[in-house]
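# Topology and contacts: notes
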Amino acid sequence: MLPVLPYSPRLELLLRRNFYFYGRMIDVLNRGIGGQEAPEELSRLETDVIDETPALVIWQVGTNAVYRNTSYNPDEVGKAIAVGLDWLAGLQMDVVLMDLQYTQAMVDQLDRSKAMVERIRAIGEKAGVNVFSRFALMKRWVDDGVPIFDLDDGDNAHLHTGEWATNCITHSLFGAIERAVELDGVT
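Residues numbered from 1 in each chain as written. Predicted model: local features only at pLDDT ≥ 70, side-chain atom pairs only at ≥ 80, totals over all residues. Heavy atoms only, no water.

Okay, the overall build of the chain next. When helices and strands are counted, the chain shows 8 helices and 3 strands. When the helices and strands of the chain are read in sequence order from the N terminus, they spell out α-α-β-α-α-β-α-α-β-α-α. Within the chain, the proportion of its 187 residues that are buried is 41%. At a minimum sequence separation of 6, the contacts of the chain that also span at least 24 residues come to 72%. For the chain, the exposed surface amounts to about 10,600 Å²; the carbon and sulfur share of it is 51%. (Helix = DSSP H or I, 4+ residues; strand = E, 2+ residues; numbered from the N terminus. Buried < 20%, exposed > 50% of the residue type's maximum accessible area, 1.4 Å probe, protein only. Contact = heavy atoms within 4.5 Å. Areas by Shrake-Rupley, 256 points an atom, 1.4 Å probe, with all protein chains shown as cover.)

If you walk through the whole model with that rule in mind, you get 3 aromatic pairs. Between the aromatic rings of F19 and F174, the centroid separation amounts to 6.0 Å while the plane-to-plane angle is 55°, which identifies the pairing as tilted. Taken as a pair, F19 in the loop between helix 1 (7-18) and helix 2 (38-48) and F174 in helix 8 (residues 163-184) lie far apart in primary sequence, 155 residues in all. The two residues F19 and F174 agree in class, both being buried. Between the aromatic rings of Y102 and F135, the centroid separation amounts to 4.9 Å while the plane-to-plane angle is 75°, which identifies the pairing as edge-to-face. Here Y102, found in the loop between strand 2 (94-98) and helix 5 (104-107), pairs with F135, found in helix 7 (residues 134-143); they are 33 residues apart in sequence, far enough to count as distant. Residue Y102 shares its accessibility class with F135, and that shared class is buried. (Phe/Tyr/Trp six-rings, centres within 6.5 Å; stacked < 30°, edge-to-face > 60°.)

Attention shifts here to the side chain of Q101. You can see Q101 is positioned in the loop between strand 2 and helix 5. Setting aside anything within four residues of it in sequence, one finds Q101 in contact with T63, M106, R134, F135, M138, L159, H160 and T161.

With that settled, consider the pairing of strand 2. In terms of burial, strand 2 is a largely internal element, 4 of the 5 residues being buried. With 5 bridges connecting them, strand 1 (residues 56-60) and strand 2 associate as parallel partners. Pairing of W59 across the sheet is with L97, part of strand 2. Two elements, strand 2 and strand 3 (residues 130-132), share 3 bridges in a ladder whose sense is parallel. What sits directly across from M98, in strand 3, is F132. (Pairing = 2+ DSSP bridges.)

Attention now moves to the packing of helix 7 against helix 8. Packing of helix 7 against helix 8 brings their axes to within 11 Å, and their N-to-C directions diverge by 125°. On the basis of their axis angle, the class for helix 7 and helix 8 is oblique. Helix 8 is crossed by helix 7, and the crossing has right-handed handedness. Taken together, the residues of helix 8 that come into contact with helix 7 (itself represented by R134, L137, M138 and W141) are W164, A165, C168, I169 and S172. Considered class by class, the residues forming the contact of helix 7 with helix 8 number 7 nonpolar, 1 polar and 1 charged. (Axes fitted to C-alpha atoms, helices over the stretch in contact; angles between N-to-C directions. Parallel < 35°, antiparallel > 145°, perpendicular 65-115°, else oblique. Left-handed = near helix turned anticlockwise from the far one by under 90°. Nonpolar A, V, L, I, M, F, W, Y, C, P; charged D, E, K, R; others polar.)

Treat this as a map of the structure, not an account of what it does.
Next up, the structure:
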């Protein structure tokens, strides 16, 4: 099976195509490191994110906390997310939390997954940031008849999203960004 192109370069292409401003280039920098979760990401937040002075931060959290359930304490993950959002709060950037994907690996631990989704939602709400609920979006696809194995990349772990789901998530995320920009009057 061919590797799946992540959502970040796909999103960059959509943003560049639809939001070109004379003399400015939109770059999407992926600072994620596979297998890490909010506590490790927090240790890199200043150098990998804040120092780049982005206009928008999309912080994916929660999946590894569920998948590697013996490695991460949900309370510690939640505290790290809250601290990171507090650091970002005073800066001139928009922030979106993206919760976990709805793949077989997450469904296999459904109670833990739902608890993490709720934790992320509550932390985001308290911090006043947007939460892109990838979990709910993908669950809706399954509820509408898309077989769950069609959503993941086919590896034995059934952890990562496949081509179709990654493309749909990218377009959904782009749509949310586009609506937010229109509401701000920046077109």
